[in-house]
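Chain residues, written in single-letter form:
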Amino acid sequence: MKKIAIFGSTGSVGSSLLRIIKDDRKNFKIELLAANKNYKKLIKQAKFFNVKNIILTDYNSYLIATKLLKNTKVKVFKNFDSLNKIFDINKKIDYTMCAISGFQGLRPTLDIIKFTKTIAIANKESIICGWNLIKKDLNKYKTFFIPVDSEHFSIWSLLDNNKNDNLEKIYITASGGPFRKLSLKKFKNISIKDALKHPNWSMGKKITIDSATMMNKVFEIIEAKKIFNLDYSQLEILTHPKSYLHAIVKFNNGLSKLLVHDTNMIIPIFNSIYFNTNKKLKSKNIDIETLNNLNLKKIDNIRFPIIKILNNLSNEDSLFETIIVSANDKLVKLFLNNKIKFTDISNILLKISNTTEFKKFRSIKPRNIEEINNLSNYVSLKIDTMSV
Ligand SMILES: NC(=O)C1=CN([C@@H]2O[C@H](COP(=O)(O)OP(=O)(O)OC[C@H]3O[C@@H](n4cnc5c(N)ncnc54)[C@H](OP(=O)(O)O)[C@@H]3O)[C@@H](O)[C@H]2O)C=CC1
Ligand SMILES: CC(=O)[C@@H](O)[C@H](O)COP(=O)(O)O
Ligand SMILES: [Mn+2]
């Protein structure tokens, strides 16, 4: 019986994992489910899987859930401060999925490492902002790490569990999102509805907007650089409309490996929880038609100006990554609340990434979560004051 925890269980990745577990219930005991506001879905999950601990970080949702569950054995927590009341460092759980969206996933990811034997991280923002802190604790507590983001899971699989000492170059693919072919003249009137129509993947709103602006791929380059300890010069984006090929790894010895899988996040998620088992997952036959038409092209930074942020990055872990993640979190929220235009996201992000005030953070290494959180809050407030 594997004991597990799922952060972001009511979301796209979290719910996909629960669908996998539902088919194999006898082998799993869910110790904790965490979400933000969706108390109805979280309570339904907790009851269905007989989960004794839940976290709701939105205070009002926490109060409602506490009331609704008062005559049950389910304990409701309002934040992640009580992990040491739920878990025991001497009796680690087997697996945790970190699938909270955005910057807010970093603290829970850092806090759970000591309590879990394996940590599967889908929350790319935590890797981008806090990788040096995450890596330090992975080593300190001997926690096994599996990246879940499809391109990074693919690279990780090609490197056979992360031996990356003879890596020459990595290509990650981008679908190009819903506006890959849209006339540039129409970008200024892009609607929320259209921006949420990803051509290949059904994902949470935030990552879907990031795929439309191409910020998702900027994040994925940073994520790959950190996880696989590369220079940015060793990483390149290729657009591939079908999202079937996820990564190409070129090694120093002249060999290159490519990884394709169905355009379905169930595959990386399934492999993260059944890693090192021979559990069978039903999947489609190899798609020869798509393999014959990979249609790989270099990224167009006229269409996707946000790519230019990659030119401003330092090759060392820095607080600058927190600035762009937090600014992007905020700007995507403003766009989804109809406060700014789609093109404002890239324009304001590029402006922020070029200001002297923020550029100086490229040479400051993150020392602790408090420093990262404070900077993130500052960036968020700064955007409120900008004339957006
Ligand atoms: N979806 C996908 O296919 C992929 C996702 N990823 C990454 O995985 C992560 C999750 O993505 P996705 O599943 O699409 O996101 P969703 O928006 O679908 O779900 C986000 C989850 O996080 C919860 N959440 C949000 N904020 C908080 C918070 N402050 N505290 C606790 N829980 C919180 C949400 O709770 P609530 O429901 O209550 O709001 C929800 O359960 C992201 O970092 C994304 O970049 C990477 C590759 C693919
Ligand atoms: C499924 C997954 O890993 C997403 O990150 C996906 O890659 C987003 O698609 P884009 O390639 O359009 O950003
Ligand atoms: Mn991805």
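Because the structure is a prediction, the values reported are computed rather than measured.

### Brief notes about the domain arrangement of the protein
Here is step 1 of the chain: Considered domain by domain, the protein is made up of domain 1 (2-148), domain 2 (161-261 + 273-308) and domain 3 (314-388).
Here is step 2 of the chain: Measuring from the centre of the C-alpha atoms in domain 1 to the corresponding centre in domain 3 gives 26 Å.
Here is step 3 of the chain: Facing 11 residues of domain 1, the contacting portion of domain 3 comprises 15 residues.
Here is step 4 of the chain: Both sides together, the interface formed by domain 1 and domain 3 hides about 1,100 Å², and carbon and sulfur atoms give 64% of it.
Here is step 5 of the chain: When the buried surface of domain 1 facing domain 3 is broken down by residue, Phe103, Cys129 and Asn132 rank first, second and third, together holding 49% of it.
Here is step 6 of the chain: At the surface where domain 1 touches domain 3, the tally comes to 0 salt bridges.
Here is step 7 of the chain: The interface formed by domain 1 and domain 3 contains 2 residue pairs in polar contact (both at pLDDT 80 or more).
Here is step 8 of the chain: Every element with two or more residues in the side of domain 1 that touches domain 3 is listed here: helix H5 (106-112) and helix H6 (124-140).
Here is step 9 of the chain: Considering each element in turn, the side of domain 1 that touches domain 3 owes the most residues, 6 residues, to H6.
Here is step 10 of the chain: Considering only residue class, the side of domain 1 that touches domain 3 consists of 6 nonpolar, 3 polar and 2 charged.

### Here we look at the packing of aromatic side chains
Here is step 1 of the chain: On inspection of all chains with the given rule, the structure shows 16 aromatic pairs.
Here is step 2 of the chain: Relative to Phe115, the ring of Phe87 has its centre 5.9 Å away and its plane inclined at 35 degrees; by these criteria the two rings are tilted. On the criterion of sequence distance, the pair formed by Phe87 in the loop between helix H4 (83-86) and strand E5 (93-98) and Phe115 in the loop between H5 and strand E6 (116-121) is long-range, its members being 28 residues apart.
Here is step 3 of the chain: Classification of Phe87 by relative accessible area gives buried; the value is 7%.
Here is step 4 of the chain: Using a relative accessible area of 7% as the deciding quantity, one classes Phe115 as buried.
Here is step 5 of the chain: Between Phe335 and Phe342, the aromatic rings sit 5.7 Å apart at their centres with planes inclined by 70 degrees, giving edge-to-face as the arrangement. In this structure, Phe335 and Phe342 share a single accessibility class: buried.

The rules behind the values
Residue positions are given per chain, counted from 1 along the sequence in the order it is written. In the order they appear in the text, chains get letters beginning with A and ligands get numbers beginning with 1. Note on the predicted model: pLDDT of at least 70 is required for a residue's local features to be given, and 80 or more for side-chain atom pairs to be given and counted; whole-chain, interface and lining totals, by contrast, use all residues. Only hydrogens and water are set aside when side-chain values are computed; all heavy atoms of the structure are taken into account. The domain boundaries here were taken from an automatic or database domain assignment. The contact definition used throughout considers only heavy atoms, calling two residues in contact when any of these lie within 4.5 Å. Here the quantity called buried area is the total loss of accessible area, with a 1.4 Å probe, experienced by two parts when brought into contact, counted for both. The term salt bridge refers to a pairing of a side-chain nitrogen on Lys or Arg with a carboxyl oxygen on Asp or Glu at a separation within 4 Å. Polar contacts here mean pairs of N or O atoms no more than 3.5 Å apart (in protein, one a potential hydrogen donor and the other a potential acceptor; neighbouring residues in sequence count only if both atoms are side-chain atoms). In this text, helices come from DSSP runs of H or I with a minimum length of four residues, and strands from runs of E with a minimum of two, each type numbered from the N-terminal end. The residue classification treats Ala, Val, Leu, Ile, Met, Phe, Trp, Tyr, Cys and Pro as nonpolar and Asp, Glu, Lys and Arg as charged. All others, Gly included, are polar. Stacked, edge-to-face and tilted labels apply to pairs of Phe, Tyr and Trp rings (six-membered ring for Trp) whose centres lie within 6.5 Å, assigned for plane angles under 30 degrees, over 60, and everything in between, in that order. Buried residues are those whose accessible area, probed at 1.4 Å on protein chains only, stays under 20% of the maximum for their type, while exposed residues exceed 50% and partly exposed ones sit between those limits.

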